[in-house]
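# Descriptive structure summary
One-letter residues, chain by chain:
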Amino acid sequence: MVLKMAGGGLSLRPFLPKALYCIYFGGLGCVLPYQNLFFRSRGLSTWTIGILASLVPLLQFFSTPLWTMLADRTRKHKAIFLATFASTILLYALYVPLPVRQAIAPDSAPELRDAPVIILALLIAIVGSPCNPLLDTFV
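Now for a quick tour of the structure. (Residues numbered from 1 in each chain as written. Predicted model: local features only at pLDDT ≥ 70, side-chain atom pairs only at ≥ 80, totals over all residues. Heavy atoms only, no water.)

With respect to the helices and strands, Thr68 occurs in helix α3 (residues 46-74). From its side chain, Thr68 meets the backbone oxygen of Thr64 in a polar contact 3.0 Å long. Those residues in contact with Thr68, other than ones at most four positions away along the chain, are Pro133 and Leu134. (Helix = DSSP H or I, 4+ residues; strand = E, 2+ residues; numbered from the N terminus. Polar contact = N/O pair within 3.5 Å; in protein donor to acceptor, adjacent residues only side chain to side chain. Contact = heavy atoms within 4.5 Å.)

And the structure:
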C-alpha cells in the first residue's frame, strides 16, 4: 500500500514490522508485570510461583536457539514467527477459563490441581521464546 503525497509516495511497508514490534512489546508490558499476581489469584503458592519464575527463563534459554535454528534451516522465519506468535496469544487466552481458587499456604508445594496453570506457563515459555529474536529479523 502506498500513500499518495504531493511529490511522491510514502510506502507503509517499513511501518508494518515496527507496528508489530510495538504491539508485541505493548502486550508483554501489559501481561508480564502482573503475571505473578495472576498466579497467586489462581491459588498457586509463593513457592510454586518462585519455581515457575525460575523455570521460565531457563526454558527460554534452551528453546530459543532451537526455534531460531529451525527458522534458519528452513528459511521460514516469517511462518515460524507467525505460528509461535499466534500460539502464544492462544495459550495466554487459555488462562482465562481457569478457575479462581482460594489462596493456600504460601510455602506449600505444588499440587495436582496446579498442573493446568504450570503447564500453560511452561508452554508459553517454550512456544513464545522465539518471538522476540524472529521479530528482530523483520525490523
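The next subject is the side chain of Thr64. Tracing the chain through its elements places Thr64 in helix α3. Thr64 sits in the buried class, given a relative accessible area of 18%. At a separation of 2.8 Å, a polar atom in the side chain of Thr64 contacts the main-chain carbonyl oxygen of Gln60. A distance of 3.3 Å separates a polar atom in the side chain of Thr64 from a polar atom in the side chain of Ser129. (Buried < 20%, exposed > 50% of the residue type's maximum accessible area, 1.4 Å probe, protein only.)

With that out of the way, let us pick up the layout of surface pockets. The gaps left among the atoms become clear once a water-sized probe is rolled over them. The calculated volume of the largest pocket comes to roughly 570 Å³. At the level of secondary structure, the elements contributing two or more residues to the lining of the largest pocket comprise α1 (15-31), α2 (35-41), α3, α4 (77-93), α5 (115-128) and α6 (131-136). Here the residues of the lining of the largest pocket are counted per class, giving 16 nonpolar, nine polar and no charged. Here the second largest pocket defines a volume of roughly 270 Å³. Looking at the second largest pocket, the residues that line it are Arg13, Leu16, Pro17, Leu20, Lys78, Phe81, Leu82 and Phe138. (1 Å grid on protein atoms, 1.4 Å probe; cavity = no way out; pocket = protein on both sides within 12 Å on 5 of 7 lines; lining within 4 Å. Points joined across faces, edges and corners; volume = space filled by probe spheres on them. Nonpolar A, V, L, I, M, F, W, Y, C, P; charged D, E, K, R; others polar.)

A word on the nonpolar core. Judged by nonpolar contacts, the single largest core of 13 residues is most densely connected at Phe39, Leu44, Leu52, Tyr95 and Val117. What Leu52 contacts, discounting residues up to four positions off in sequence, is Phe39, Leu44, Ile118, Ala121 and Leu122. Membership of the second largest hydrophobic core comes to eight residues, among which are Ile80, Phe85, Leu134 and Leu135. (Core = buried A, V, L, I, M, F, W, Y, C linked by side-chain atoms within 4.5 Å.)

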